[in-house]
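A closer look at the structure
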Amino acid sequence: MDRNRLQHQVACMRRSLFDQGYLDEPFIQLEELQDDANPNFVQEIVTLFYSDSARLIQNIEHALNSRPIDFDKLDDYMHQFKGSSSSIGAKKVTNECTVFREYCSAENAEGCIRSFQQVKQEYAILRRKLEVYLQMVRQAAVSRTA
Amino acid sequence: MAAQGRHGGKKSNKMTALVVDDNTVNRMIHHRLLDNLGIENVAVVNGKEAVDIHCSGKTFDLILMDMDMPVMNGIEATRQLREMGIRSMIAGVSTRSMEREIREFIEAGLDDYQEKPLTMSKLISIIHKING
């Protein structure tokens, strides 16, 4: 693909991730922390976020399936998930985590189960979009050095 | 950065920091933020490890202390470090927003408190308090 066109596509996709509310300010900071000495910093953090999230999602699912539900433990897991999400600027995921924690605090099991579906959905959407975006960023970087 | 910091006798002119956070993503970001400012830093995963590393004789100019951690939380760790006579700048960083919770954290012995996520500008404002 033409280099300029690729870079334009990258810029458009990046803008839409922010405009549509998937990402916010902390993601910009991650990009700013990437430099020649740390050329893959964004990808490294995002990869860490994926593995951390997978573990936490599994823990939350297990906790939701336990009887009786330990809402304190659930809240701890979701606090972790929310912390990671907000640190990378995953805005929609963070917002859904907040909703979940409200149900957790009210010990509303049904609300927790419902809102957890939303958390997983937003996480899956973000992950797909980020994977496409970061792959395009890598392609654009390769085309610049070619 | 000041060679002596708050402790003196340092071989290097570099400021040093300890990141105390149980969240892997946050530890990596805080580590990178500090690296970017030329601050040598190490990370531990809970308050007990923060206390233990000081018991081993290490000291730091700056401690970035998360509040909610397993084993020992940031409030208790801050309290214990102050009781040990640690006078480093301890900046609490947390997502907590309730005044009561933040006040408890500050009263444990913090020099500063910043709401997460930690940004470069927040970190610089903390460091200015060390040098100011």
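Everything numeric in this text was worked out from a predicted model, so none of it was measured.

**A closer look at helix H5 (residues 120–131) of chain B**
All names here are of chain B. Spanning 12 residues, H5 covers 16 Å between terminal C-alpha atoms, matching the ideal 16 Å at 1.5 Å per step. Of the positions making up H5, those classed as buried are Leu 123, Ile 126, Ile 127 and Ile 130. Buried residues in H5, looked at end-on, bunch into an arc of 95°, giving them a common side. Residues of H5 that are exposed and angled more than 90 degrees away from the buried face: Ser 121 and His 128. As for H5, its buried residues are in contact with helix H1 (24–36), strand S3 (62–66), strand S4 (89–94) and strand S5 (112–115).

**Remarks on the nonpolar core**
Burial of nonpolar side chains together is a common tendency in soluble globular proteins. In this structure, Phe 27, Leu 74, Phe 81 and Phe 100 of chain A together with Leu 62 and Leu 64 of chain B are the most contacted members of the largest nonpolar core, which totals 62 residues. The greatest single-element share of this core, amounting to 12 residues, is contributed by helix H3 (residues 41–65) of chain A. In contact with Phe 100 of chain A, not counting residues within four places along its chain, are Ile 60, Leu 64, Leu 74, Met 78, Cys 112, Ser 115, Phe 116 and Val 119 of chain A. In terms of nonpolar packing, the next biggest core, distinct from the first, is built from 22 residues, Val 44, Val 51, Ile 86 and Phe 105 of chain B among them.

**Remarks on the confidence of the model for chain A**
On average, residues of chain A score 94 in pLDDT, and 98% of them are at 70 or above. Across chain A, the element-wise mean pLDDT spans from 93 in helix H1 (residues 3–19) of chain A up to 97 in H3 of chain A.

**As for the sheet that holds S5 of chain B**
Residue and element names in this part refer to chain B. Spatial strand order, S2-S1-S3-S4-S5: five strands in an open sheet with parallel pairing. Since the sheet does not close on itself, it has two edges, and those belong to strand S2 (40–44) and S5, each with one partner. Mean inter-strand twist for the sheet, computed between neighbouring axes without regard to direction, equals 20°. Of the pairings in the sheet, the one linking S4 to S5 comprises four bridges and is parallel in character. Looking at the pairing, Ala 91 lines up with Asp 112 of S5. The sheet strands contacting H1 are strand S1 (16–20), S2, S3 and S4, and the helix crosses S2 at an angle near 170°.

**Here's the deal with the UniProt feature "modified residue: 4-aspartylphosphate" (unreviewed entry) in chain B**
Residue and element names in this part refer to chain B. With numbering matched to this structure, UniProt assigns "modified residue: 4-aspartylphosphate" (unreviewed entry) to Asp 66. With respect to the helices, strands and loops of the structure, Asp 66 is situated in strand S3. Not counting residues up to four positions away in its chain, the partners in contact with Asp 66 are Val 20, Asp 21, Asp 22, Gly 74, Val 93, Ser 94, Phe 105 and Lys 116.

**Observations regarding unusual backbone geometry**
A cis amide bond, omega 0°, links Arg 67 of chain A with the succeeding residue Pro 68 of chain A. Mapped onto the secondary structure, Pro 68 of chain A falls in the loop between H3 and helix H4 (71–88). In the segment running from Lys 116 of chain B into Pro 117 of chain B, the intervening peptide bond is cis, with an omega of 0°. On the secondary structure map, Pro 117 of chain B appears in the loop between S5 and H5.

**Here's the deal with the pairing of S3 of chain B**
Residues and elements named next belong to chain B. Of all the five residues making up S3, five are buried; the element is thus mostly covered by neighbouring parts of the structure. With burial as the criterion, each face of S3 is covered, one bearing Leu 62, Leu 64 and Asp 66 and the other bearing Ile 63 and Met 65. Where S1 meets S3, four bridges bridge the pair, whose relative direction is parallel. Each residue of the ladder has a partner; that of Leu 18, found in S3, is Ile 63. Pairing of S3 with S4, which is carried by five bridges, proceeds in the parallel orientation. Within the sheet, the bridge partner assigned to Asp 66 lies in S4 and is Val 93. One crossover worth recording links S3 to the parallel S4 by way of helix H3 (residues 74–83), and it is right-handed.

The rules behind each value
- Residues numbered from 1 in each chain as written.
- Chains lettered and ligands numbered in written order.
- Predicted model: local features only at pLDDT ≥ 70, side-chain atom pairs only at ≥ 80, totals over all residues.
- Heavy atoms only, no water.
- Helix = DSSP H or I, 4+ residues; strand = E, 2+ residues; numbered from the N terminus.
- Expected span 1.5 Å × (residues − 1).
- Buried < 20%, exposed > 50% of the residue type's maximum accessible area, 1.4 Å probe, protein only.
- Arc of directions from axis to C-beta.
- Contact = heavy atoms within 4.5 Å.
- Core = buried A, V, L, I, M, F, W, Y, C linked by side-chain atoms within 4.5 Å.
- pLDDT = per-residue confidence, 0-100.
- Pairing = 2+ DSSP bridges.
- Axes fitted to C-alpha atoms, helices over the stretch in contact; angles between N-to-C directions.
- UniProt positions renumbered as here; feature names shortened; annotations may be inferred.
- Right-handed = clockwise from strand over helix to strand, strands pointing away.

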